[in-house]
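Read off the chains here:
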Amino acid sequence: MTAVETTALSPGARTSGGGFDITRPIFYGFAALLCVLIVLPVSWLLYYSVVDRTGAFTLGNFGKLFSDPAFLDPLLTTFILSFSTGLICCVVAAPMGWLVARTNMPGGMLVRYLVTASFVTPPFLGAIAWELLAAPNSGLLNKFYRVVTNAPPDEHLFNIYSFTGLIFVIACYTFPYVFVLVANALDRIPGDLEDASSILGGRTWDTARKVTVPLVLPALLAGALVAFLQAMTLFGSPAILALPAGFHTMTTKIWSLFQYPPKPELAAAAALPLLVLTVILLRAEHMILGRRGYAVLGGKSGEPRLIKLGRWRWPALALCFAVLLNPIILPYGALLNAAVSPVASQPVTFATMTLHNIEWVFFELSTTRLAVWNTVILGVSTATIGTVLAVVIAYLTTRKAVRGYRILAFLATTPVAIPGIVLGVGLFLTYTQPPFVLYGTLWILLIAFVTISLPAAYQQLQSAVRAVHPEFEDASRILGATRLRALWQITAPLLRTSVIATWCFIFVGTIRELSAAIMLFTSETKVISVLIFDLNESGDLAAISVLGIMMLVITFAVVIAVNRIPGFGGMRLRNS
Amino acid sequence: MRDMKFSRRDVLKSSVAAAAFTTFASPIRAAAPEPTAITPALIAAARKEGKVVYYTSVDLPLAEKIARSFETKYPSITVRVERTGAERVFQRIGQEYASRINAVDVVNSSDAAHFVVWKRDGLLVPYVPEDVAKHYPTEHKDADGQFASFRVWLSVIAYNSSLVKAEDAPKSFADLLDPKWAGKMVKAHPGYSGTIMTATYQMSRDLGWPYFEKLARQRIMQVQSSADPPKKLALGERAVMVDGNEYNIFQLKESGQPVEPVYASEGSPLIIGPNGVFKNAPNPNAARLFQSYCFTPECQQLIIDTGGLRSVHPQTKEKAGRKAFKDIKTMKDNAAEVEKHGDDIKARYTQLFKV
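Every chain's residues receive numbers from 1 upward, in the order its sequence appears when written. Lettering for chains starts from A, numbering for ligands starts from 1, and both go in the order in which the items are written. At least 70 in pLDDT is required for a residue's local features to be given in this predicted model, at least 80 for side-chain atom pairs to be given and counted, and no such filter applies to totals for whole chains, interfaces and linings, which use all residues. Values shown for side chains rest on all heavy atoms present in the structure; no hydrogens or waters enter the calculation.

(A) View of the overall build of chain A. The helix count covers DSSP runs of H or I at least four residues long, the strand count covers runs of E at least two residues long, and both are numbered beginning at the N terminus. Scanning chain A from terminus to terminus reveals 26 helices and zero strands. Throughout, the radius of gyration refers to the C-alpha atoms, and the reference size of a globule is 2.2 Å times the residue count to the power 0.38. For 576 residues, the compact-globule formula gives about 25 Å, and the C-alpha radius of gyration of chain A, at 26 Å, lands near that figure. With respect to the three principal axes, the spread of C-alpha positions in chain A is 90 × 75 × 50 Å. With a 1.4 Å probe rolled over the protein chains alone, any residue whose accessible area is under 20% of its type maximum counts as buried; one over 50% counts as exposed, and the rest are partly exposed. Within chain A, buried positions represent 57% of all 576 residues. Contact criterion: two residues are considered in contact whenever any of their non-hydrogen atoms come within 4.5 Å of each other. When contacts within chain A are restricted to residue pairs at least 6 apart in sequence, those whose partners lie at least 24 apart make up 77%. Here chain A displays about 24300 Å² of accessible surface, and carbon together with sulfur accounts for 69% of that area. Using a 1.4 Å probe, accessible areas were evaluated by the Shrake-Rupley method; residue-level cover was limited to the displayed protein chains.

(B) View of the sheet that holds strand β9 (residues 259–262) of chain B. Residues and elements named next belong to chain B. Here, a strand pair is defined by DSSP locating no fewer than two bridges between the strands. Pairing within the open sheet is mixed, and its five strands lie in the order β7-β6-β8-β5-β9. Looking at the sheet topology across the chains shown, the edges are occupied by β7 (221–222) and β9. Bridge analysis of strand β5 (residues 157–160) against strand β8 (residues 240–241) gives two bridges, and the strand direction is antiparallel. Opposite Tyr159, over in β8, you have Val240 as the bridge partner.

(C) Molecular detail of the sheet that holds strand β2 (residues 78–83) of chain B. Residues and elements named next belong to chain B. An order of β2-β1-β3-β10-β4 is seen for the five strands of this open sheet, with the pairing classed as mixed. A strand with exactly one partner marks an edge of an open sheet, and here the two such strands are β2 and β4 (147–154). Each strand of the sheet is rotated relative to its neighbour by a mean of 20°, with strand direction disregarded. In terms of strand pairing, β4 meets strand β10 (residues 270–277) through seven bridges, oriented antiparallel. In the sheet register, Phe147 faces β10, and the bridge partner there is Gly276. Helix axes use the C-alpha atoms of the stretch in contact, all axes being lines fitted to C-alpha atoms, and the angles between their N-to-C directions lie in the range 0 to 180 degrees.

(D) Local environment of empty space enclosed by the protein. Using a grid of 1 Å spacing that covers the protein atoms alone, one calls a set of points a cavity when a 1.4 Å probe fits there but cannot get out, and a pocket when the set is open and has protein on both sides within 12 Å along at least five of seven lines; lining residues are those with an atom within 4 Å of a point. Grid points are joined across faces, edges and corners, and a volume is the space filled by probe spheres set on the points. What the rule picks out here adds up to 11 cavities of 30 Å³ or more. Space inside the largest cavity adds up to approximately 940 Å³. Around the largest cavity, the lining comprises 38 residues; the ones closest to its centre are Tyr177(A), Gln230(A), Ile452(A), Arg512(A) and Glu513(A). If you list the elements that add at least two residues to the lining of the largest cavity, you get α6 (108–120), α7 (123–134), α12 (204–233), α13 (236–245), α21 (442–467) and α23 (483–511) of chain A. As a working rule, the residues Ala, Val, Leu, Ile, Met, Phe, Trp, Tyr, Cys and Pro are called nonpolar, Asp, Glu, Lys and Arg charged, and the rest polar, with Gly in that last group. Of the residues that constitute the lining of the largest cavity, the class distribution is 24 nonpolar, 11 polar and three charged. Within this model, the second largest cavity holds a volume of roughly 260 Å³. Among the secondary structure elements, those contributing two or more residues to the lining of the second largest cavity are α24 (517–520) and α25 (528–537) of chain A together with α4 (86–98) of chain B. A breakdown of the residues in the lining of the second largest cavity according to their chemical character gives eight nonpolar, four polar and six charged.

(E) Structural context of the interface of chain A and chain B. Listed as interface residues are 56 residues of chain A and, on the opposing side, 50 residues of chain B. Buried area: the accessible surface (1.4 Å probe) lost by two parts on joining, summed over both. Between chain A and chain B, the buried area comes to about 4300 Å², and carbon and sulfur atoms account for 52% of it. Any carboxyl oxygen of Asp or Glu within 4 Å of a side-chain nitrogen of Lys or Arg constitutes a salt bridge here. The tally of links from chain A across to chain B stands at five salt bridges. As a salt-bridge pair, Lys184(B) and Asp154(A) come within 2.7 Å of each other at their nearest N and O atoms. As used in this structure description, the phrase polar contact means that two N or O atoms lie within 3.5 Å; if the pair is within protein, one of them must be able to donate a hydrogen and the other to accept it, and residues adjacent in sequence are counted only when both atoms belong to side chains. The interface formed by chain A and chain B contains 19 residue pairs in polar contact (both at pLDDT 80 or more). At the level of secondary structure, the elements contributing two or more residues to the side of chain A that touches chain B comprise α13, α17 (356–364), α18 (368–398), α21 and α25 of chain A. The greatest single-element share of the side of chain A that touches chain B, amounting to five residues, is contributed by α18(A).

(F) Geometry of the packing of α7(A) against helix α9 (residues 163–172) of chain A. Residue and element names in this part refer to chain A. It is the contact of α7 with α9, at a shortest axis distance of 9 Å, that shows an interaxial angle of 130°. The pairing of α7 with α9 is recorded here as oblique in orientation. The hand of the α7/α9 crossing is right-handed. Judged by residue contacts, Gly126, Ala127 and Trp130 of α7 engage Phe168, Val169 and Cys172 from α9. Angles below 35 degrees are treated as roughly parallel, those above 145 as roughly antiparallel, those between 65 and 115 as roughly perpendicular, and all remaining angles as oblique. Less than a right angle of anticlockwise turn of the near helix away from the far helix marks a crossing as left-handed, whereas a clockwise turn marks it as right-handed.

(G) Seen up close, the domain arrangement of chain A. Residue and element names in this part refer to chain A. Taken domain by domain, chain A comprises domain 1 (1–9 + 19–56 + 355–576) and domain 2 (59–344). Each domain span listed reflects an automatic or database assignment of domains. For domain 1 and domain 2, the distance between their C-alpha centres works out to 25 Å. On the side of domain 2, 56 residues touch domain 1, which itself brings 48 residues to the contact. Carbon and sulfur atoms supply 74% of the area buried between domain 1 and domain 2, which totals about 4400 Å² over both sides. Across the contact surface, domain 1 and domain 2 share one salt bridge. Summed over the shared surface of domain 1 and domain 2, the number is eight residue pairs in polar contact (both at pLDDT 80 or more). Those elements that provide at least two residues to the side of domain 1 that touches domain 2 are α3 (23–49), α17, α20 (420–431), α23, α24, α25 and α26 (541–564). Here the side of domain 1 that touches domain 2 is built from residues that sort into 33 nonpolar, 11 polar and four charged.

(H) Quick look at the environment of Glu49(B). Residue and element names in this part refer to chain B. One can find Glu49 in helix α2 (residues 40–49). Spatially, the C-alpha atoms of Glu49 and Ile77 are 7.6 Å apart, while their sequence positions differ by 28 residues. Excluding its chain neighbours within four sequence positions, the residues that come into contact with Glu49 are Asn283, Pro284, Asn285 and Ala286.

(I) Structural context of the packing of aromatic side chains. All names here are of chain B. By convention, a stacked pair of Phe, Tyr or Trp rings (six-membered ring in the case of Trp) has centres within 6.5 Å and planes under 30 degrees apart, an edge-to-face pair has planes over 60 apart, and any other such pair is tilted. Scanning the model with the defined rule gives 34 aromatic pairs over all chains in all. For the pair Tyr74 and Tyr293, a centre-to-centre distance of 6.3 Å together with 90° between the ring planes defines the contact as edge-to-face. Of the two residues, Tyr74 is situated in the loop between α3 (60–73) and β2 and Tyr293 in helix α11 (residues 284–294); the sequence distance between them amounts to 219 residues. Taking relative accessible area as the criterion, Tyr74 reaches 6% and is therefore assigned buried. Judged by centre distance (6.2 Å) and plane angle (80°), the rings of Phe150 and Phe295 are edge-to-face. Here Phe150 is found in strand β4, whereas its partner Phe295 is found in the loop between α11 and α12 (297–305), with 145 residues between them in sequence. The pair formed by Phe150 and Phe295 is uniform in burial state, with each residue classed as buried.

(J) The arrangement of the side chain of Asp142(B) in detail. Residue and element names in this part refer to chain B. Position of Asp142 among the secondary structure elements: in the loop between α6 (130–135) and β4. Reaching out from Asp142, the side chain makes a polar contact with the backbone nitrogen of Gln146 at a distance of 2.9 Å. Excluding residues that lie within four positions of it along the chain, Asp142 makes contacts with Lys119 and Phe147.

This is the structure:
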């Protein structure tokens with residue numbers, strides 16, 4: 001009966017689907033919303049970059065940008081920094097990915113967990129922890145070195161306030177991107193390709209060299225590009241480590257242009273090279289990974305064969321742990337130590353242990369409550385709104401439910417090309433002047449965080465929607481359900497796991513966001529990451545450690561919750 | 001979520017309130033109004049508002065201590081401290097006011113030049129606490145009653161006494177150019193800190209920019225806040241600090257850390273940190289009560305004893321063991337000149353020190 005009605009009421013059911021089809025208004029609504037989210041800030045950015053103080057057209061901003069050493073040096077620094085980081089990440093992460101995915105090395109799961117942990121650690125927190133560890137004179141590692149070698153007080157093993165120090169710290173929190181891409185690719189390589197090589201007489205290492213490596217190379221290259229991008233657009237770590245060493249990167253330079261007296265037009269011009277480079281690199285990445293399906297052509301294939309390491313099993317594990325010391329074990333140790341130590345960079349003993357810092361942060365510091373509250377509100381609302389947006393867009397585009405779905409897909413993935421600090425500048429320019437004055441409210445931060453998290457959320461949910469075959473929905477609709485009812489009763493339950501996972505993914509990403517937040521916060525809308533950055537500038541390392549540990553606890557609670565959801569193993573990284 | 005929902009209406013509300021206020025406000029160039037005592041009526045009105053927002057650049061733990069002492073004295077009025085470097089405070093207020101956000105009630109800046117600007121722009125309300133009217137010297141209060149010197153201190157050289165012997169320690173700014181200090185000094189930034197902005201003005205005036213050119217070649221560790229170099233000394237991260245808060249050095253030294261101040265033979269930069277109430281303060285009564293409290297002998301003695309600051313309130317006593325203020329050779333402060341040359345100083349500094 002219902003089926004007859006449906007058909008009777010809507011002659012164009014084939015294209016518009018359902019008695020009351022709201023997909024079309026939803027489509028227009030979402031397209032408009034995404035346009036506002038993305039087009040508005042980017043337009044203001046472009047506009048500001050080509051006008052002078054009086055609003056007259058000029059190319060002078062770019063002229064200054066490419067002639068003044070105060071801008072050229074950071075540009076060059078950033079380039080070398082990103083390139084080195086990309087390279088180091090590959091050198092470190094590729095062998096680790098291989099060991100975990102393709103060999104019988106023990107503890108593979110643990111290694112994967114620890115890599116996930118380094119991925120979710122906010123890079124700026126890692127940078128501060130490394131100040132505690134490797135500041136040339138007060139760093140714990142350097143103190144240890146002097147005690148062991150009896151070296152004079154001036155001598156040091158590491159100097160974290162240096163260009164190499166900065167590269168090291170950024171690599172620590174960037175290599176997981178490469179690791180995951182490589183390990184995923186290796187997991188997917190069918191065993192029979194390698195079997196074929198063995199049958200034809202190839203020895204283990206020949207097979208690895210001639211079959212496995214070429215198959216995983218695209219993923220590695222893509223990883224290198226992602227690492228390059230990450231290093232290029234990161235703000236926190238350079239602000240913490242490069243400024244004391246006396247140099248700027250592009251992100252810190254852009255930020256400094258917003259300090260008093262602010263020069264928004266120069267900041268806008270300086271932001272554009274980052275934007276252009278990001279777009280180019282993402283195109284390159286797309287080209288490399290565009291054909292990534294070829295490795296699994298040929299239908300069902302055998303389990304990947306594990307290479308037997310023999311007596312190298314344990315040294316291999318030791319190697320992995322030696323790497324993981326740097327992003328996780330040492331920094332977390334240093335933060336814990338500083339949280340309960342009277343002097344941040346002195347090893348704590350039972351006699352000197354104190355709860356003063358914890359007490360101070362939670363009972364004396366009057367911004368703690370506000371910042372935690374804002375962070376939680378923003379985390380929850382960004383994750384909720386972002387997930388809803390992503391799931392609807394993923395559905396509309398995957399099912400090709402409306403004409404023009406490609407535009408929607410394009411708009412949803414575009415923000416990936418906008419570095420956080422660039423988006424921050426764009427949003428600042430957009431929402432501090434009429435008609436939309438959102439500066440000073442949590443809305444502007446919400447817009448920033450939703451925009452930043454949308455691409456990754458969309459991509460995760462798109463593959464999840466794809467995995468649900470439309471025949472389930474078709475069956476439901478043949479039995480008389482409207483499109484919405486079919487969605488609610490059939491598709492939604494099947495997507496539940498991925499939706500929850502995406503929600504958590506956005507939540508974790510939001511509470512650690514710094515580079516856009518630092519441009520957009522006001523005193524009433526401070527978040528924990530900004531508070532930590534503030535405290536770092538006045539040298540309150542103990543308070544940072546307490547707040548940082550609290551942040552990590554929240555993060556890991558969420559990550560562990562995700563991992564307990566069946567069918568979802570570990571956080572997925574942006575992976576296109 | 002509630003915050004977000006009401007924020008726009010709040011903006012609207014506060015601009016209405018602002019309009020109401022300006023109607024009754026006295027013209028900018030009026031003489032100082034009659035002093036105001038802390039009356040039960042003022043306390044009751046402040047209680048009704050229940051909170052006060054204090055933007056300050058004083059070192060955070062001290063700022064929170066001042067806030068807690070106010071809350072103890074006037075229960076049910078909470079103080080929220082918004083602390084960052086004075087130059088950031090200045091930019092933040094400018095940005096917030098440009099977007100019609102009236103969040104700040106009372107401000108304290110370590111760059112007295114900021115008060116020249118805020119007064120010129122008509123942002124401050126004339127309000128004279130009783131203590132200021134009765135006890136404060138003329139040169140430490142605004143003629144129109146818009147601000148007064150809440151705190152006074154110095155930017156000093158200092159060293160870590162377990163890394164440097166007293167006889168080897170630098171005695172003057174000139175000593176810091178000795179190659180033996182290369183790579184061993186830490187210094188704060190005038191683009192962030194009002195203390196350092198003021199100090200950089202006085203030093204560039206008295207010692208000349210060539211001094212900074214030479215200093216920049218000493219491989220300085222550049223931090224932001226003037227509260228940070230003392231902390232870096234205490235950690236043992238650097239042996240000597242070029243500039244930074246005398247009051248942090250006192251705090252650290254008196255808690256047993258191995259730090260020692262040096263009063264440079266050329267004179268130590270003198271820093272004045274006034275307090276003022278904003279005309280568009282969202283909590284106008286609590287703001288006034290807090291402003292009055294800040295200048296009481298009680299609060300002034302607190303910032304001396306636990307803070308290590310100096311006070312110009314004649315009823316306060318200096319703490320034993322610290323060098324008396326009158327015995328120290330200081331450079332001369334000049335807020336008007338800092339206001340005039342501030343941007344230029346920042347630009348030149350950035351050029352020399354690269355950040």
